[in-house]
Amino acid sequence: MSGLAGALVDLAAVAVLVIGVAGLWRRDLRALVGLLRVQGLALALVAATTAASEHDLGLGVTAALVVVVKAGVVPTLLVRVARRDPGAREAAPLINVPSSLVLAAALVGLAVVVGAPLHALAPGRAAALAPLGLATVLVGYLLLVTRRRALSQVVGLLVIDNGVALTTFLLTAGVPLIVELGGTLDVLLVVVVLRALLGTMRAHLGDVSLDQLRELHD
Amino acid sequence: MTAVAVALVQVLVVALGGLLLTGLMAKVRARAEGRVGAPVTQPLRDVAKWLGRESPRATAGTALAIVPTVVVATTALAATLVPLAGVGLVDATGADALVVVFLLLTGSLALAVGGLATATAFGGMGASRAMTLSALAEPALLVAVAAFAVPAGSLSLPAMLGHALDQPLTMVSPSHVLAALALLVVVVAETGRMPVDNPSTHLELTMIHEAMTLEYGGRDQALVSLGAAMRLGLLLGMLGVLTVPWGLATSAAPLALLGGLALSALKATVLAVVIALAEVHSAKLRLFRVPELLAAAFVLAALAIVVGVVAR
Amino acid sequence: MPVLLVGLGLGLAAPLVGALAPARGRTLLAGGLSAAAGVLAAVAALGVLLGGPVLRARASGLLPLAGASVRLDALSAAFEVAVALVVVTAALFSMGYTHGASASRPATALQASFALGLLLVPVAGDVVSFLWAWELMAVASLALLLVEHDRPAARSAALWYGAMTQAGAAAIMLGLLTLAASAHGVSWSALAAARVSGPLAVVAFVATLAGFASKAGAVPLHVWLPRAHPEAATPVSAMMSGAMTALGLYGVARVDLGLLGAIGRWWWAGALVVAALSALYGALHAATATDLKRLLAYSTIGAMGLGLIGLAAAGELRASGQGRAAATLVVGVLVLVGAHAAYKAILFLAAGLIERASGTRDLDLLGGLVRGMPRVAGLVAVAVASAVGVPLAAGFVGEWLEIEGLVAGLSSHDPGGVATILVGLVGLALASGLVAVAMVKLLGIGLLGRARSEGAARAREPHGIAVAALGLPAAATLAMGLVPGPVVAVLGHALGTVLGARAGAPQGRWDALHVGVTASTLRPLALLGGLVTAVVVLRGLARVGSRGVRAVVAWACGRSDLTARMQYTATSFAEPLQRVFADVLRPDIDTTVSPEEEAREIERVIAYQSRVGDAVEGGLYRPVVRGADALGRRARALANGSVHRYLAYGLVALLVVLVVVG
C-alpha cells in the first residue's frame, strides 16, 4: 500500500469512528440519518481504497454494495420514517451530551487498549487500525443505550454494524463477498422490519418514544 | 538580531492584521447578509480615534488601570513566540506552545478580574461566563496542543512545525486533522465568535466578552479592543500555521521570512472568511449548550491522541 | 550537620518555652524559636541540595525499638525547604497576629510542636523515627483543632480529622512495617537496598498510598480536609495546608516511588485515575465555594491532586521504560510543592487577616478590601498569579514541567500508557482551569469591586510583622518564577533517591530551563524583558496621544444609582459552573418567594439559597457512619450493667484463649 493510499485508509477509518461519536452530539433525527449516510460512504472508501491498492475485485464489489445499501437504501428508508414527524428531535438523552461525549472518548481509549492484540491477527498497516472498528461498535452501543427515540436506536444499531464491517475490512482486507452480502442484507431486513413496526406503533400509539412502551411489557 | 527583528515585525503584523481581520469578518458577514457594512479598516480607525481620547475610569481605580495594558502586553509577547514567519531562526525566547497558551490565559484572566473590579452587574456577569467557558475550553486546548506536539515529541513550536514540514504526510494523518478541528472550535470559543459569543451585540442576555469591557472608554477602550483583535489575529495565525505549515521559511533569509509571514497572513485571512461565513449560517448557542460544543472539541482532541497510537 | 541539629533543638525548645513562659512575650518567644528552627533547617537542607554530603545522625537511646535516626538527603531537603518556608512564615506571622485565647499556654506549645513535627518528618531517617514524627505532627494538629472546643464546627472537624488521620497513620504503619519485615531493617537505606517486590510490595503500596494520599487530601479520603483546615487557627491552617498536605506527597515519593521494587504498572495507572479525579473534585469545589478558607482548603485538594498526578504518572512511565519523562515529572512535582507551599501560605494567612479585619470570611459579604488593605491585596494578587499559572510566577514553572513530562509520556506506541497519561493530562488541564475560576473569584469578588457589608467597608490592614511575614513567601514565589533554572538544577539531585537514576532531569541555568525529553526551553527573564518592553512602549504611547484620565461613576448601561448589592456575588459568579457540573456537585437549592401582601402578582422578596455540600461525604461516609452508629447501639445490649455478665465474659474469654493456645 502506498503512503498516500495508507493515509486515505487511515483518514476514512477514523472518519467512520468520529461520525459515530458525532451521532452522540446531534439531536436532530434527520441530521442523524445524514451522518449515517456519510459514515456509509467513509466505510466504502476504506473498502475501495484497500481494493484498489490490493487489486482485489471482490472487495471492490463489496465497496460498491456498501455504497448502495449503507449510504443509499437504508438512510433513504430511515429518512422516510423521519419525515412522518418533521422536526422530530431526540428528547433529552438518558445521559447528557457532554457526559456521553466524554464517555465515548473513554470507550475509544478502552477499545484501543484492549484491541491492541487484534493487530496480531493480521500483519500490515491497515490491521493496526482494527481497534477503531471495535471503538465504533462500542460508541454505537452507547448510542443504543442512551437514546430514547426508536429511530435513534436504529441508528445506533447501524453504527454498530458499520463498526463490525470496518473491523472486518481492516483485519482481513477483503471478507468473502458472500459474507458481507449476507451481513448487509440482514441489516437491510432489520431496517425494513423496524420501519414497518414503527409505522404500526405510530398508528396505535401516536408516538414512538420508547419510554412510553414501559407499560406494554405484560 | 534577525530573531528580534522578526519578533517585532510579528507583533506589528499581528496587531495590524488582527484589526483588519476583525473588520474583514464584519464585512464578510454584512455582505453575506445583503448589507454593505462598514469598511474593513473601521476597527483600525476606531482604535486610532479612541487612543486620542481621555479615559473615563469608574471608581474601582488601580485594577482597571492595569488591565488594558496587561491584555495587550501579554498578547504582544505571545505574538513574538509563535513562528509565523519561519522555523529556522535561533529562538531567543523559548518558543514553547504552553507559554503562548498561558500568556493568552493571563490576558483573559486579567480581563475577568477587571470585569469584577467595575462593581457592576454586567462586569460580573461577563467575567463569570468568560471564566466558566475558559475553564471548560482548557482541556480541549491543552490536549489539542499536545496532539500537535506528540509526532514531533516536542512542545516547542518551531520544532513541531519543523517536523511537520519535514514529513508532509503527517499533515493528512487523522490525528493531525482531528487536532486541527478541535483547535478550530477552541479558537472560535476563545476569540468570542459565534456560536459561542456574538461579537456584534450589546444585549445583556448574550454578551460575554463585551460585558466585561463595557466600563472602558477612551484609551483604555482602545487597548482592550486592540488586545481582542490581536488575540484573534494571533490565534487564527497560529491555527493556520499549525494546520498547514507549508510556506514557513526554514532559513533566516529575509525574503523567505517575508514570504512565510505573508503566507501565514493569507492562511489566517482564509480562516477568518470561513469562520465569518459560518457565523452567518449559525445561531448563537444557549450558554448552557456551549459546554456540549467544548466537550465535542475535547473529544476530538482526545481522539487525535488515541487514534495517533494506532494510525501514525 | 550541627546546623540541622541546633535547628531541631531550637524547634524542641519552642514548645517548652510556649508551655512555661509567662503570657507576655510567650508568642514572641515561641514563634521566634520556631522561626529560627525553620531557618536553620532550611539552611542545612539548602547545603545538601547544593551538593553537600547527605547528613546522618543516630541517637540509639532516644526512641524505643530502634532509636532515633536523622537523615537529610536531597529528597528530604527539597521538602524540608518547602516546609520550612511555611513554618517560618507562619511563626513570624503568629508573632504579630496571635493573641487572646489562641495565645494560651497549650495553644502556643501545640503550635510549636506541630511546627517541630513538620520539620522532623522529612528528615526522619528510618521507619520508626518517621512514624514518631508523623504522629507528633498528626496529634499536635488534632489537639490544635480542639483548642477552640467550644465551637461545634471545630469539634466536628476534630472528630473527622482524628478518625481519618489515625486511620491513615495506621495504614502507613502497616505498609511500612510490611516493608521493614521483608527487608530485615528499618532505615531508608536498608529498605531501598532490599527492593521488596511481589505481593508484599503491592500490600505495602496500597496501604502506604492510601495513608499518604489521605494526608494529601485525595478523593475519597479527603473529607477531613475541608473541615479541618478552615476551623484551625490561621497560622495552623496555613501550616496544615501548605506544609502538612505536601508531606503526603513526600511519603509517596519517598516510599512508593523510592523504596518499592517493581509492582505492576496498572497499580500506578489506578493511582493516576484517583489523582486526576481528586484534582478535579477539589478544583470544582474550590470554584463553587463561597467561604474564603473553604475555597482555599478545596484548592489545596486540587493542587495536591496535580502533585499526585505527576507522581503516579512518573511511576507508570518508569514502569513502562520511559524513565526520562518520569524524571521531568518528579522535578515538576517538587517545584509544584514549593510553589504551592509559598502561595497557599500567603493566601491562608491573608484570609486570616481579612477575617479579623472584616469580621467575616464569607465571600458574599466581602469586596472592596483593596482600598483598606492594599498591601494584603497586592500579596494576594502575587499568590493568585502563582496559583493560576501566570508565567513568571512559581506555580507556572511547576505546571509547565509537569505538562512537558506528560506530553513526553504521550509519545509512546503503547496504547495503555498513552490512555493513562492522557487521563492525567485531561485532569490537570481541567483542574487548572477550574482553579483559575476559583482564584479569579477570590481576587475579583473578595478584594475588588465594592464592599458588600459594613465590616468589609471598615476593614483596615494591621501594621507590623503579621503583614511583613507574607513578604517572604511572596519573594520566594517571584524568585522561583523568574529564576527557576538554579532551583530546578538543584532539585534534580533528588531524582537519585526517587527514581534511582538522574537521566532526563531538566537542566537549569540562571536564565533558562531546558527540558530534554521535549526539547523545549523556558526563558522567564527574556519573557520578563519582553513584557517590560511592551509595557514601557504602551505607557509611552499613552503619554504621546493622551488627554489623561478622568474618574467617573461606573456607567453600567446608564444606571446611576448603583449599589453594592447589584454586583455579582461569589454565589452568582460560580452559578454557571455549578449548573454545568450539577450532577457532580448536587447543590441544595432553595428559592423562596414571598409575595406582597396586597397584590399577589408583585413578588417582594425572592430568597435564593444554594449550598454545595460534599457529595462524597454524603454518599460514601454517612452510610458508614450510620451503620457504625447502629452497630454501636446494638452492641450496648452486651453491656447492660450486670456484674455477673461482665464476669462471665471474662470466663468465656479465658476459655477461648485456653482452647486456642492449647
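As the structure is a computational prediction, the values presented were derived from the model and not from experiment. (Residues numbered from 1 in each chain as written. Chains lettered and ligands numbered in written order. Predicted model: local features only at pLDDT ≥ 70, side-chain atom pairs only at ≥ 80, totals over all residues. Heavy atoms only, no water.)

(A) Spatial organisation of the overall build of chain B. Helices and strands together make up the secondary structure of chain B, namely eleven helices and one strand. For chain B, the succession of helices and strands along the chain, N to C, is α-α-β-α-α-α-α-α-α-α-α-α. Against the compact-globule benchmark of 20 Å for 312 residues, chain B has a radius of gyration of 19 Å, which places it among compact chains. With respect to the principal axes defined by its C-alpha atoms, chain B has extents near 55 × 45 × 40 Å. Among the 312 residues that make up chain B, the fraction classed as buried is 66%. Of the contacts made within chain B by residues no fewer than 6 positions apart, 80% connect residues no fewer than 24 positions apart. Of the roughly 10000 Å² of accessible surface on chain B, a fraction of 71% belongs to carbon and sulfur atoms. Side-chain charges in chain B split into 17 positive and 15 negative, and the spacing between the mean points of these groups amounts to 7 Å. (Helix = DSSP H or I, 4+ residues; strand = E, 2+ residues; numbered from the N terminus. Rg over C-alpha atoms; globule rule 2.2 N^0.38 Å. Buried < 20%, exposed > 50% of the residue type's maximum accessible area, 1.4 Å probe, protein only. Contact = heavy atoms within 4.5 Å. Areas by Shrake-Rupley, 256 points an atom, 1.4 Å probe, with all protein chains shown as cover. Lys, Arg positive; Asp, Glu negative; His and termini not counted. Charge placed at Lys NZ, Arg CZ, Asp CG, Glu CD.)

(B) Fine view of the overall build of chain A. Looking only at helices and strands, one finds seven helices and zero strands in chain A. Along the chain direction, N to C, the helices and strands of chain A fall in the order α-α-α-α-α-α-α. Counting every position in chain A, which comprises 218 residues, the buried fraction comes to 50%. Partitioning the contacts of chain A with sequence separation of at least 6, the portion at a separation of at least 24 is 78%.

(C) Up close: the packing of aromatic side chains. Residues and elements named next belong to chain C. Under the counting rule described, the total for this entry stands at twelve aromatic pairs over all chains. Ring plane angle 65 degrees and centroid distance 5.2 Å describe the contact between phenylalanine 79 and tyrosine 250, whose orientation is recorded as edge-to-face. Separated by 171 residues along the polypeptide, phenylalanine 79 in helix H3 (residues 74–97) and tyrosine 250 in helix H10 (residues 234–257) bring together distant segments of the chain. According to the relative accessible area criterion, tyrosine 250 is buried, its value standing at 0%. By the ring-pair criterion, three or more aromatic residues cluster together here, those being Phe130, Trp134, Trp188 and Phe212. (Phe/Tyr/Trp six-rings, centres within 6.5 Å; stacked < 30°, edge-to-face > 60°.)

(D) The interface of chain C and chain B, seen in detail. Counting residues at the interface gives 75 residues for chain C and 70 residues for chain B. Counting the surface lost from both chain C and chain B, the interface buries some 5900 Å², and carbon and sulfur atoms represent 73% of this. Our count for the contact surface shared by chain C and chain B stands at zero salt bridges. Our enumeration of links across chain C and chain B arrives at seven residue pairs in polar contact (both at pLDDT 80 or more). Of all elements in the fold, only helix H16 (394–410), helix H17 (415–447), strand S5 (520–522), helix H23 (524–545), strand S6 (549–551) and helix H24 (570–580) of chain C reach the threshold of two or more residues within the side of chain C that touches chain B. Sorting elements by how many residues they give to the side of chain C that touches chain B places H17 of chain C first, with 16 residues. For the side of chain C that touches chain B, the class distribution of residues is 47 nonpolar, 17 polar and eleven charged. For strand S1 (residues 55–57) of chain B and S6 of chain C, the ladder comprises three bridges, and the chain directions are parallel. Residue pairing in the sheet places proline 56 of chain B in a bridge with arginine 550 of chain C of S6 of chain C. (Buried area = accessible area lost by both parts, 1.4 Å probe. Salt bridge = Lys/Arg side-chain N within 4 Å of Asp/Glu carboxyl O. Polar contact = N/O pair within 3.5 Å; in protein donor to acceptor, adjacent residues only side chain to side chain. Nonpolar A, V, L, I, M, F, W, Y, C, P; charged D, E, K, R; others polar. Pairing = 2+ DSSP bridges.)

(E) Highlighting the interface of chain A and chain B. In this assembly, 23 residues from chain A lie in contact with 20 residues from chain B. Summing both sides of the interface, chain A and chain B together bury roughly 1700 Å²; the carbon and sulfur share of this comes to 83%. Mapped onto the side of chain A that touches chain B, the elements with two or more residues apiece are helix H1 (3–25), helix H4 (97–114) and helix H5 (130–146) of chain A. Looking at which element gives the most residues to the side of chain A that touches chain B, the answer is H1 of chain A, with ten residues. Its residues assigned to classes, the side of chain A that touches chain B shows 19 nonpolar, two polar and two charged.

(F) Region of the structure containing the side chain of serine 358 of chain C. Residue and element names in this part refer to chain C. With respect to the helices, strands and loops of the structure, serine 358 is situated in helix H13 (residues 323–358). Looking at serine 358, its side chain comes within polar contact range of the main-chain oxygen of isoleucine 354, at 2.8 Å. Here threonine 360 takes part through its backbone oxygen, which lies 3.2 Å from a polar atom of the side chain of serine 358.

(G) Structural context of the nonpolar core. Of all hydrophobic cores here, the largest spans 396 residues; its most connected members are Phe114, Leu118 and Phe130 of chain C. In terms of residue count, H13 of chain C provides more of this core than any other element does, 23 residues in total. One finds Phe122, Met125, Met207 and Ala211 of chain B within the second-largest nonpolar core, a separate group that totals five residues. (Core = buried A, V, L, I, M, F, W, Y, C linked by side-chain atoms within 4.5 Å.)

(H) Structural detail: the sheet that holds strand S3 (residues 507–508) of chain C. All names here are of chain C. Spatially, S3-S4-S5 is the arrangement adopted by the three strands of the open sheet, whose pairing is antiparallel. Edge positions in the sheet fall to S3 and S5, since each of these pairs with one other strand and no more. The sheet contacts of H16 involve strand S4 (513–515) and S5, and relative to S5 the element is tilted by about 175 degrees. (Axes fitted to C-alpha atoms, helices over the stretch in contact; angles between N-to-C directions.)

(I) Molecular detail of unusual backbone geometry. Residue and element names in this part refer to chain C. The amide bond that connects valine 219 to the next residue, proline 220, takes the cis arrangement and shows omega of 0 degrees. Along the chain, proline 220 falls in the loop between helix H8 (199–215) and helix H9 (225–231). Notably, alanine 519 is not glycine yet its phi reads approximately 45 degrees, a positive angle. With respect to the element layout, alanine 519 can be found in the loop between S4 and S5. Judged by relative accessible area, alanine 519 falls into the partly exposed class, the value being 43%.

(J) A look at the pattern of salt bridges. Per the stated rule, a full pass over the model turns up 24 salt bridges over all chains. A salt bridge links aspartate 220 of chain B to arginine 57 of chain B, with the shortest nitrogen-to-oxygen separation between them at 2.8 Å. Here aspartate 220 of chain B is found in helix H9 (residues 218–243), whereas its partner arginine 57 of chain B is found in strand S1, with 163 residues between them in sequence. The network of salt bridges with shared partners includes Arg151, Glu231, Asp291, Glu355 and Arg361 of chain C.

(K) Focus on the environment of valine 71 of chain B. Residues and elements named next belong to chain B. When you line up the elements, valine 71 lands in helix H3 (residues 62–81). Residue classification places valine 71 among the buried positions, given a relative accessible area of 7%. When the C-alpha positions of valine 71 and leucine 103 are compared, they lie 9.3 Å apart, and in sequence the two are 32 residues distant. Not counting residues up to four positions away in its chain, the partners in contact with valine 71 are Gly107, Leu111 and Gly227.

(L) Focus on a nonpolar patch on the surface. Among the surface-exposed residues, Val652, Val656, Val657, Val660 and Val661 of chain C lie close enough to one another that they form a single nonpolar patch of about 480 Å² accessible area. In this structure, valine 652 of chain C sits in helix H27 (residues 643–661). (Patch = residues over 30% accessible without salt bridge, like charges linked within 9 Å, V, L, I, M, F, W, Y side chains within 5 Å.)

(M) Quick look at the packing of helix H4 (residues 105–123) of chain C against helix H5 (residues 127–146) of chain C. Residue and element names in this part refer to chain C. It is the contact of H4 with H5, at a shortest axis distance of 8 Å, that shows an interaxial angle of 150 degrees. The pairing of H4 with H5 is recorded here as roughly antiparallel in orientation. In the crossing of H4 with H5, the sense of the turn from one axis to the other is left-handed. On the side of H4, the interface is formed by Ala107, Leu110, Gln111, Ser113, Phe114, Leu116, Gly117, Leu118, Leu120 and Val121, while H5 contributes Phe130, Ala133, Trp134, Leu136, Met137, Ala140, Ser141, Ala143 and Leu144. Counted by class, the contact of H4 with H5 contains 15 nonpolar, four polar and no charged residues. (Parallel < 35°, antiparallel > 145°, perpendicular 65-115°, else oblique. Left-handed = near helix turned anticlockwise from the far one by under 90°.)

(N) Structural context of the confidence of the model for chain A. Mean pLDDT over chain A stands at 78; residues scoring 70 or higher make up 77%. Of all secondary-structure elements in chain A, the lowest mean pLDDT belongs to helix H7 (residues 177–205) of chain A, at 67, while H4 of chain A reaches the highest, 89. (pLDDT = per-residue confidence, 0-100.)

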